[in-house]
Amino acid sequence: LQEKRNEKRQEELIHALSIDYNIVCCFDLDLDLGIALRNNEEEGRAFASDENGRISFRASMENYIEQFVHIDDREMFRKSITSECLRKELSEKKQHYVNYRAVLQDETKYFQLKVVRTGGWGEKHGIVVGIRCVDEETRNEMEKKALLENTLRQANQASKAKSIFLSNMSHDIRTPMNAIVGFTSLAMKHIDNRERMEEYLKKIMTSGNHLLSLINDVLDMSRIESGKIRLDEKACSLPEILHSICNIVQADVHAKQLELHIDTLDIRNEDIYCDKLRLNQVLLNLLGNAVKYTGAGGAINMRITEK
């Protein structure tokens, strides 16, 4: 009676400790034999015992692989549960885990096999093997990981967008600033010449207005974060745009003793719809690079055609 009570208590203890596991078996790796402590109907088919109630570790594992382990995970699973692998892993640590996918009733779920060594790990090599479904927690972890990766990707994109934006804007701001400084210097030299002063002030005003538009653009933080540009298309005069661009680059052109020619003979419609600020930026970048990379005394030609 006492033996039966002890046996019942041991079964209750095993049941309590293995409540989260579908299958629990203990094996002797040296003899390749063991017994099933906990089994369920579906996966338990792979762990069939002989007439003495014993099961083979290698045969049971191979049956389980063929019947339940996802085809893409079978090779990895086999290598992880060989006697050689388990002896090596369990000699360094007391537990060994294998995460894999299993197919049950045509549904793929995430599972985990846990191997724990028992007793002294020297002459004998006893293990307990537990198999449990970790589908819910694995998918939750995957969702959290995907969310973190997405957040990190967005942060990196925002950081990259800021760097590109600031790099571009520093280039764009420099051109009208050069014009303002250049024409201010000329105006101070001809302060008594009213006509020249008026001409220089108009050019300073043109460059200043363009610079103000750029600065307003810099303050649009939402665009900086997203790296996207919103086009503000309005009716504009192409000759006025070209005239203002010439005024802005004129100081740099004169400083390098260059010739600037703009050909618009093919233009039939001078009134256009465009984002004036963006068109100015594009043309000023092109002309700015042309001024920068054209040797002193050279010529710059720009032709605008109507398609």
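Structure shown above.
In this text, all values refer to a predicted model and were calculated from it rather than measured experimentally.

**Q** Help me out: how do you make sense of the overall build of the chain in this one?
**A** Check the secondary structure of the chain and you find nine helices and 10 strands. In terms of overall size, the chain is more extended than a compact globule, its C-alpha atoms giving a radius of gyration of 39 Å where 307 residues would be expected to give roughly 19 Å. Dimensions along the principal axes, computed over C-alpha positions, put the chain at roughly 125 × 40 × 35 Å. For the chain, long-range pairs separated by at least 24 residues make up 60% of all intrachain contacts whose partners lie at least 6 apart in sequence. If you sum the accessible surface of the chain, you get close to 19,900 Å²; carbon and sulfur atoms cover 51% of it.

**Q** Before we go on, may I ask you to explain the packing of helix 6 (residues 194-218) against helix 8 (residues 238-255) in this structure?
**A** Packed helices, taken two at a time, are described by their axes: the angle between them and the distance between them. Where helix 6 meets helix 8, the closest approach of the two axes is 9 Å, and the angle between their N-to-C directions is 100°. Relative to helix 8, helix 6 is oriented roughly perpendicular. Contact with helix 6, carried on its side by Lys203, Thr206, Ser207 and His210, involves Ser244, Asn247, Ile248 and Gln250 of helix 8 and no other residues of that element. Across the contact of helix 6 with helix 8, the residue classes break down as one nonpolar, six polar and one charged.

**Q** Looking at this structure, how should I read the packing of aromatic side chains?
**A** Describing an aromatic ring pair means giving the distance of the ring centres and the angle of the ring planes. As enumerated under the stated definition, the model contains eight aromatic pairs in all. Seen in terms of ring centroids, Tyr64 and Phe77 are 6.2 Å apart; in terms of plane orientation they differ by 40°. Their pairing is tilted. Here the residue Tyr64 occupies a position in helix 2 (residues 57-68), and Phe77 occupies one in helix 3 (residues 74-80), the gap between them amounting to 13 residues. Summarising the burial analysis for this pair, Tyr64 and Phe77 share the class buried. Within the aromatic cluster, the residues linked to one another by ring pairs are Phe47, Tyr64, Phe68, Phe77, Tyr100 and Phe111. Lying across the ring of Tyr21, Arg132 places its NZ or CZ 5.8 Å from the centre.

**Q** Can you walk me through the environment of Val115 in this structure?
**A** On the secondary structure map, Val115 appears in strand 5 (residues 107-118). Classification of Val115 by relative accessible area gives buried; the value is 1%. When the C-alpha positions of Val115 and Arg268 are compared, they lie 83 Å apart, and in sequence the two are 153 residues distant. For Val115, the contacting residues outside a window of four places in its chain are Leu86, Leu90, Lys94, Gln95, His96, Ile127, Val128 and Val129.

**Q** Please explain the pattern of salt bridges as it appears in this structure.
**A** Any two side chains of opposite charge can pair if their charged atoms end up close together. Applying the stated criterion across every chain yields a total of 16 salt bridges. Between Arg303 and Asp263 there is a salt bridge, with the nearest N and O atoms lying 3.0 Å from each other. One end of the pair, Arg303, is in strand 10 (residues 299-303); the other, Asp263, is in strand 8 (residues 259-263), and 40 residues separate them in sequence. Take Asp263: its relative accessible area is 23%, and that puts it in the partly exposed class. In the salt-bridge network here, residues are joined through shared partners; they are Glu62, Glu66, Arg74 and Arg78.

**Q** In this structure, what is going on with the side chain of Asp275? I would like to understand it.
**A** Relative to the elements of secondary structure, Asp275 occurs in the loop between strand 9 (271-274) and helix 9 (276-293). One polar contact links the side chain of Asp275 to the main-chain amide nitrogen of Leu277, over a distance of 3.2 Å. Each residue touching Asp275, except ones within four places of it in the same chain, is listed here: Arg230, Leu231, Asp232 and Glu233.

Cut-offs and rules
Residues numbered from 1 in each chain as written. Predicted model: local features only at pLDDT ≥ 70, side-chain atom pairs only at ≥ 80, totals over all residues. Heavy atoms only, no water. Helix = DSSP H or I, 4+ residues; strand = E, 2+ residues; numbered from the N terminus. Rg over C-alpha atoms; globule rule 2.2 N^0.38 Å. Contact = heavy atoms within 4.5 Å. Areas by Shrake-Rupley, 256 points an atom, 1.4 Å probe, with all protein chains shown as cover. Axes fitted to C-alpha atoms, helices over the stretch in contact; angles between N-to-C directions. Parallel < 35°, antiparallel > 145°, perpendicular 65-115°, else oblique. Nonpolar A, V, L, I, M, F, W, Y, C, P; charged D, E, K, R; others polar. Phe/Tyr/Trp six-rings, centres within 6.5 Å; stacked < 30°, edge-to-face > 60°. Buried < 20%, exposed > 50% of the residue type's maximum accessible area, 1.4 Å probe, protein only. Lys NZ or Arg CZ within 6 Å of the ring centre and 35° of its normal. Salt bridge = Lys/Arg side-chain N within 4 Å of Asp/Glu carboxyl O. Polar contact = N/O pair within 3.5 Å; in protein donor to acceptor, adjacent residues only side chain to side chain.

Interpretation note: all reported values are geometric properties and have no functional meaning in isolation.
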